[in-house]
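Observations on chain architecture
Below, each chain spelled out in residue letters.
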Amino acid sequence: MAYGVKYRLEFEDVLGNDKKIEILKNNYTGSVLPLVCTNNPVVIKWESDNEFYKPIIGSTCTINLFVTDSVQYDNFYAFDENEYQVKIFYKDTSNNYQIYWIGFIVADTFKQAVTSTPYQIQLKAFDGLGLLNGKNVTIKSGDLVRGDYSENSGNDLAPVRTNTLAKNIADCLTQTNLSLSIFTFLSDADFLDTINGSRVLKFDENFNAIDCKNYLGSILFNLNSRIFQS
């Protein structure tokens with residue numbers, strides 16, 4: 001997918017810090033249109049950030065807009081979940097905008113109070129981490145179906161090293177459709193790049209592929225780790 005900026009607003013927060021909102025549309029190549037926001041334009045929230053036993057911390061971004069006589073918007077609720085991408089920026093000490101948050105507008109969370117203009121609408125975007133339960137892991141040759149066989153046992157069912165744990169985690173995160181780098185903070189910096197990812201089960205007891213959320217959750221829980229967009 002190739003996204004082009006369709007809507008943009010630059011503003012200051014209550015402390016005078018420069019911020020920017022961009023709403024991008026898939027395959028859009030036209031002019032950049034304005035946004036009119038309320039006095040609380042953007043709220044970003046990380047879900048379950050204090051719950052130790054929920055290692056996948058998804059985040060949401062709520063954008064509060066006004067529809068006016070001169071500023072109108074697309075019918076966001078009429079499109080697929082990956083049609084509109086939201087980017088939030090802040091300006092650093094060198095006066096350059098840096099990306100702060102990325103996500104996609106989810107159509108069934110669209111809210112508006114239809115009255116005479118101006119009236120308020122609310123858009124909600126998700127970073128996709130909390131939605132990975134609907135995406136199955138990618139099955140590769142050599143991934144274990146049952147048991148943990150030694151690679152030197154001579155057993156015909158012995159696993160073949162096809163991917164590291166880091167690669168399997170990255171494969172799951174591509175399901176969010178966000179092109180973000182992955183940073184790890186572990187005592188052994190090379191740990192995820194050396195562990196054989198084929199030994200982590202991708203199947204349930206009925207030999208069905210498990211979803212990415214459960215797969216990532218099991219890895220993170222055993223590593224005493226959590227994952228979130230930062």
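Figured I'd write up the structure that's included with this text.

Rules used throughout
Residues numbered from 1 in each chain as written. Predicted model: local features only at pLDDT ≥ 70, side-chain atom pairs only at ≥ 80, totals over all residues. Heavy atoms only, no water. Phe/Tyr/Trp six-rings, centres within 6.5 Å; stacked < 30°, edge-to-face > 60°. Helix = DSSP H or I, 4+ residues; strand = E, 2+ residues; numbered from the N terminus. Buried < 20%, exposed > 50% of the residue type's maximum accessible area, 1.4 Å probe, protein only. Disulfide = S-S within 2.5 Å.

Our next topic: the packing of aromatic side chains. All chains considered together, the criterion is met by 8 aromatic pairs. Taking 5.9 Å as the distance between ring centres and 55° as the angle between the ring planes, the aromatic pair formed by Tyr3 and Phe104 counts as tilted. Of this pair, Tyr3 sits in strand S1 (residues 3-12) while Phe104 is found in strand S8 (residues 97-105), placing the two residues 101 residues apart along the sequence. According to the relative accessible area criterion, Phe104 is buried, its value standing at 4%. Relative to Tyr97, the ring of Phe89 has its centre 6.4 Å away and its plane inclined at 70°; by these criteria the two rings are edge-to-face. Looking at Tyr97, the relative accessible area reads 23%, which means it is partly exposed.

Attention shifts here to the state of the cysteines. Here a disulfide denotes a covalent bond joining the sulfur atom of one cysteine to the sulfur atom of another. The full count for this structure, using the stated rule, is 0 disulfides. Unpaired in this structure, Cys61 has its nearest cysteine sulfur neighbour in Cys37, at a distance of 9.9 Å. Note on Cys172: no disulfide assigned, nearest cysteine sulfur contributed by Cys212 at a separation of 3.5 Å.

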